[in-house]
Amino acid sequence: MPIQDCLKDGAISLCSLHRCCLLPMAFRDVNARRHIGLQQLSSLALAGRTLLGPMKSCKFIVDESTNQSTLICSAFRLIESLDLTSAAGQLLNETIQAHNKEFKTGMSTLCFLAGAWSSAVLECLQQNVPVSAIVSVMSEGLNSCCERVQCLQRSIHDVSKELCPSSFQSKACQIGCGSRLNLQISCYFQKEISAPEKVSINSHSHREGNCNFDKHLASPLADFGSVASFVKPSGDKSTSLISGGSVIISGYNKQKLTHSRYFSTLGKSHFSSQQGTFEGYLSGSSAYPCQRSGLGHLAVALSHGNETSVKLLESIIAYQHERAEYSGSSQFNVAEIVTCCLLGLPESYSCVSLGFVTLVSPEQATVVKHFEDKPLRILLMDGDLSEQYRHLGFNRSCNVRTILESPSLQEGRAGDWWLSSMLDILISFEVNMVLVKGNVCENLMERCVANSILVIGSVTWDVLRAFGKATSAQPVTYLTQLNAACVGSGAQVELWKACDGRAVDLGELVPVRVKAEGTGLLTAVLSTTVASKVQLIEDQFWTLVYRLHHALNDKKVFLGGGAVELLCLSHIQMLAEQPSQPASRDMVKEFPSPWLAAAGVEYRSVVLQALAGGWKHYLSAVLCNAAEAASELEACTAIDRHLKKAADCGSPSAYILQEFKRGAFVMGGSGPFADCGEGLKVYDNVTAKMEAWRRALDLVLLVLQTDAEIITGPKRNQLLNSYESSEFMFL
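What you are looking at is a predicted structure, and each value in this text was computed from that prediction instead of being measured.

**Student:** Which residues make up the overall build of the protein chain, and what are the values?
**Tutor:** A tally of helices and strands in the protein chain yields 25 helices and 18 strands. Partitioning the contacts of the protein chain with sequence separation of at least 6, the portion at a separation of at least 24 is 77%. Surface accessibility of the protein chain: about 34600 Å² in total, with carbon and sulfur atoms responsible for 51%.

**Student:** Please set out the pattern of salt bridges residue by residue, giving values where relevant.
**Tutor:** Overall, the coordinates contain 19 salt bridges when judged by the stated rule. In this structure, Glu 632 and Arg 49 form a salt bridge, with 4.0 Å as the shortest nitrogen-oxygen distance. Of this pair, Glu 632 sits in helix α22 (residues 632-649) while Arg 49 is found in the loop between α3 (36-46) and β1 (59-62), placing the two residues 583 residues apart along the sequence. Given the relative accessible area of 33%, Glu 632 is considered partly exposed. Sharing partners across several salt bridges, the network here consists of Arg 77, Glu 80 and Asp 539.

**Student:** Help me get a handle on the nonpolar core, residues and values and all.
**Tutor:** Within the largest apolar cluster, 111 residues are counted, with the highest numbers of intra-cluster contacts made by Trp 615 and Trp 693. Considering every element that reaches this core, the biggest residue donor is helix α6 (residues 107-126), with 13 residues. Residues contacting Trp 615, with those up to four places away along its chain left out, are Leu 113, Trp 117, Leu 142, Cys 145, Glu 565, Cys 568, Leu 569, Ile 572 and Trp 693. Counting 28 residues, the second largest nonpolar core, distinct from the first, contains Val 338, Ala 466, Leu 495 and Val 510.

**Student:** Run through the packing of helix α7 (residues 131-148) against helix α24 (residues 687-706), naming residues and quoting values.
**Tutor:** Describing two packed helices takes the angle between their axes plus the distance from one axis to the other. Two elements in contact, α7 and α24, have axes whose closest approach is 11 Å; the angle formed by their N-to-C orientations is 180°. Between α7 and α24, the angle falls in the class roughly antiparallel. Of α24, the residues touching α7 (which contributes Val 131, Ile 134, Val 135, Met 138, Ser 139, Leu 142 and Cys 146) are Met 690, Trp 693, Arg 694, Leu 697, Leu 701, Leu 704 and Gln 705. Here the contact of α7 with α24 is built from residues that sort into 11 nonpolar, two polar and one charged.

**Student:** Tell me about the side chain of His 99, residues and numbers included.
**Tutor:** Relative to the helices and strands, His 99 is located in helix α5 (residues 87-103). His 99 has contacts with Lys 104, Thr 105, Gly 106, Met 107, Leu 110, Ala 688, Glu 691, Ala 692 and Arg 695, leaving out every residue within four places of it along the chain.

**Student:** Give me the lowdown on the state of the cysteines, citing residues and values where you can.
**Tutor:** Evaluation of the coordinates by the stated rule reveals zero disulfides. Here Cys 145 stays unpaired: no disulfide links it, and the sulfur of Cys 568, its closest cysteine neighbor, is 4.1 Å away. Accessibility expressed as a relative area gives 1% for Cys 145, which makes it buried.

**Student:** A description of unusual backbone geometry should follow, citing residues and the corresponding values.
**Tutor:** Phi is mostly negative for residues that are not glycine, and the peptide bonds are mostly trans. Here Asp 373, not a glycine, exhibits a phi torsion of approximately 65°, which is positive. Locating Asp 373 in the fold gives a position in the loop between α13 (362-371) and β11 (376-381). You can call Asp 373 exposed: its relative accessible area is 53%. Residues other than glycine seldom take positive phi values, yet Ala 627 does so here, at roughly 60°. Along the chain, Ala 627 turns up in the loop between α21 (604-625) and α22.

**Student:** For the sheet that holds strand β15 (residues 510-516), give the residues involved together with the corresponding values.
**Tutor:** With mixed pairing, the six strands of this open sheet are ordered in space as β10-β15-β14-β11-β12-β13. In this open sheet, the two edge strands, each paired with only one partner strand, are β10 (356-360) and β13 (454-456). Along the sheet, successive strands turn relative to each other by an average axial angle of 35°, direction set aside. Where α13 meets the sheet, its contacts fall on β10, β11, β13, β14 (488-495) and β15, and the angle it forms with β14 comes to roughly 115°. Here helix α16 (residues 461-471) sits on the sheet in contact with β10, β11, β12 (433-436), β14 and β15, set at roughly 140° to β11.

**Student:** Summarise α7; cite the residues concerned and give the values.
**Tutor:** Structurally, the α-helix is built with 3.6 residues per turn, so residues lying three or four positions apart point the same way. In this model α7 runs 26 Å from its N-terminal to its C-terminal C-alpha over 18 residues, within 8% of the 26 Å that 1.5 Å per residue would give. Every buried residue of α7 is listed here: Ala 133, Ile 134, Val 135, Val 137, Met 138, Gly 141, Leu 142, Cys 145 and Cys 146.

**Student:** Please provide a residue-by-residue account of the pairing of strand β2 (residues 69-72), values included.
**Tutor:** Inspection of the sheet shows β1 paired to β2 by four bridges, in the antiparallel sense. The partner of Val 62 across the bridge, within β2, is Ser 69. Where β1 folds back on β2, the antiparallel hairpin that results is connected by six residues, among which Asn 67 adopts a positive phi of roughly 60°.

**Student:** Help me get a handle on the packing of aromatic side chains, residues and values and all.
**Tutor:** Applying the stated rule across the entire model yields seven aromatic pairs. Relative to Tyr 478, the ring of Tyr 389 has its centre 6.1 Å away and its plane inclined at 45°; by these criteria the two rings are tilted. Linking Tyr 389 in the loop between β11 and α14 (416-428) with Tyr 478 in the loop between α16 and β14, this pair joins segments that are 89 residues apart in sequence. Tyr 389 sits in the buried class, given a relative accessible area of 19%. Centroid distance Trp 542 to Tyr 546: 6.0 Å. Interplanar angle 45°. Geometry classified as tilted. Separated by four residues within a single helix, Trp 542 and Tyr 546 lie in helix α17 (residues 534-554), roughly one turn from each other.

**Student:** Give a description of the confidence of the model for the protein chain that names residues and reports values.
**Tutor:** Mean pLDDT over the protein chain stands at 75; residues scoring 70 or higher make up 66%. Taken as a whole, residues 587-593 scores under 50 in pLDDT and shows nine contacts with residues more than four places along the chain or in a different chain.

**Student:** Break down the sheet that holds strand β18 (residues 683-685) for me, with residues and values.
**Tutor:** With respect to topology, three strands assemble into an open sheet ordered β3-β17-β18, the strand pairing being antiparallel. Each edge of the open sheet carries a strand with a single partner, namely β3 (153-155) and β18. Across the sheet, the mean angle separating the axes of adjacent strands is 45° when strand polarity is ignored. Pairing of β3 with strand β17 (residues 556-559) involves three bridges; the strand directions are antiparallel. By the bridge assignment for β17, Gln 153 is matched with Phe 558. Sitting on the sheet, helix α8 (residues 156-163) touches β3, β17 and β18, and the angle it makes with β3 is about 80°.

So, how was this worked out
Residues numbered from 1 in each chain as written. Predicted model: local features only at pLDDT ≥ 70, side-chain atom pairs only at ≥ 80, totals over all residues. Heavy atoms only, no water. Helix = DSSP H or I, 4+ residues; strand = E, 2+ residues; numbered from the N terminus. Contact = heavy atoms within 4.5 Å. Areas by Shrake-Rupley, 256 points an atom, 1.4 Å probe, with all protein chains shown as cover. Salt bridge = Lys/Arg side-chain N within 4 Å of Asp/Glu carboxyl O. Buried < 20%, exposed > 50% of the residue type's maximum accessible area, 1.4 Å probe, protein only. Core = buried A, V, L, I, M, F, W, Y, C linked by side-chain atoms within 4.5 Å. Axes fitted to C-alpha atoms, helices over the stretch in contact; angles between N-to-C directions. Parallel < 35°, antiparallel > 145°, perpendicular 65-115°, else oblique. Nonpolar A, V, L, I, M, F, W, Y, C, P; charged D, E, K, R; others polar. Disulfide = S-S within 2.5 Å. Pairing = 2+ DSSP bridges. Expected span 1.5 Å × (residues − 1). Phe/Tyr/Trp six-rings, centres within 6.5 Å; stacked < 30°, edge-to-face > 60°. pLDDT = per-residue confidence, 0-100.

Okay, structure coming up:
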């Protein structure tokens, strides 16, 4: 509608006319400076909006070359899968990759805030705020937020005491909560038993599907040749109760196993000195919160609704807790945890297995069958097992051109001499199994299988180190370095058995289990029948593992559910509403000129409001994803309501603490673990969260300051005088 018609009809006022005239000018100004990088950053981050928060919506990534799809739930996998051609996209990918490498959590927060603050910076540029003022005020505002939210940190000791108070009341209850061995039954069967016997576990839960472990989640963790099977009869009404420091159990003594000497009675757990393995262990989950250990409760609070991973992690915590009491090692060691994904089995077969579980070819599985129940001589290699492999830093001889490496031409095709010599070395040292960190030459693999030598590639360094410690094997880089002292002994290998006691054949791949006396390795076997979910369930498991790992390293956690971000939003808005003070001497020193210092003070409120807008967009996205709000408008209304109550309270942090205890934030008292206790608490990592904030803002400010075209060369003057020169900002 023309402006004259608007004025004639009285549709807009003069103030509105003034804004209508200024806004296009501002847009023309920012477009003329071509801040394309910020716009690209904002658009890329918007794609990961639904991946934010506990109730995230997964996305399908389709590979056009193979037409295969993968289900993802993190910004790390999303950005990794995109074909990024822009410089801003590459910077975002590198930033997320670096954060994932260090923390394994917080990538979706980083991605979203990078996009939200990119939009905030663009708004500041539209209002002609100097770049130096944006950089200075935003950095100052974020640093102030990081200091302000320290009051929302809780120590691990206090959190564990709050989540599991019974574990701090008496030693008896601490033992019960720590391992849960005196509350649940584990049965192990020898391999000689033809048919696995069924044991009734009489424990009643009003919510079997969520708070109880599935009956198939029992793990073969007793001894090297045993499996576990659990069946709960229908109509069982027995209960398990905990009152104070005493344990009251009914129903467990109704049925007893008489045909297995591996039966573990209540409250009894020990390590076998002969086998070096833990007996009497159950990879199960409890239906009652008090039956979890302090770390188990903390894992639930950090899981953000990831129920399946919590069950597996609780099993790992229970085993490592008992092992730590026996050996004095760390109670939670990430280096002793590995994963193995099985495609083709139902998800109910997911479990935790003692040792190293991996997938091999059917030909290698025949070698495994040959070696079952036999002690093996093991070799560890910390590189590739191939003819072309050279270690990092290797320098080839200068001015030398290789014509033929093998002097004999009677061996057949090229490379046969190397294959034969490597095989002779393995046979001469009587090596039965080789664990290789890198890739393995296929031709050498075939020859090893023909000579009953098992070679497994792509083994992590943590696994190599664990088996080296248990078998006294010393890793080598090349087979030519091998000597008798490098070969270890005492390892064993067998076909991995599912919860029903049967070996699993997935067609092209067969799962096997490598073990040795004294190793603390635990493999989380993740099974699914959907190929696109393999990466998803593995990412979810490792995210939870590292959340617990970082929480224990930090020895503190943040209040979760959006409490920290709400305090940041409240704090920044309070700073923005404060009257501007004249530029101090310290501020003048930070700027190259007094004029820039004065500009920083003048635009301080505008920049801080833009920074606060990023926090508000973050909170509204979490509320919408968690179905706490039907729209962004409704979410913003709820946030404003909280902000007003916090301001009226006089102390926003006190108000947030009160609301957190009441369970008024996102995921407070909701989710799959809601009925396991009143007002389920949600917590977040401290270092990972704040580092995600800093990296997001650093990325935005980097793109802001470098988002320009630098014109050099003989055509510079020609470009300066051309019509297109208005689209560039010359430095």
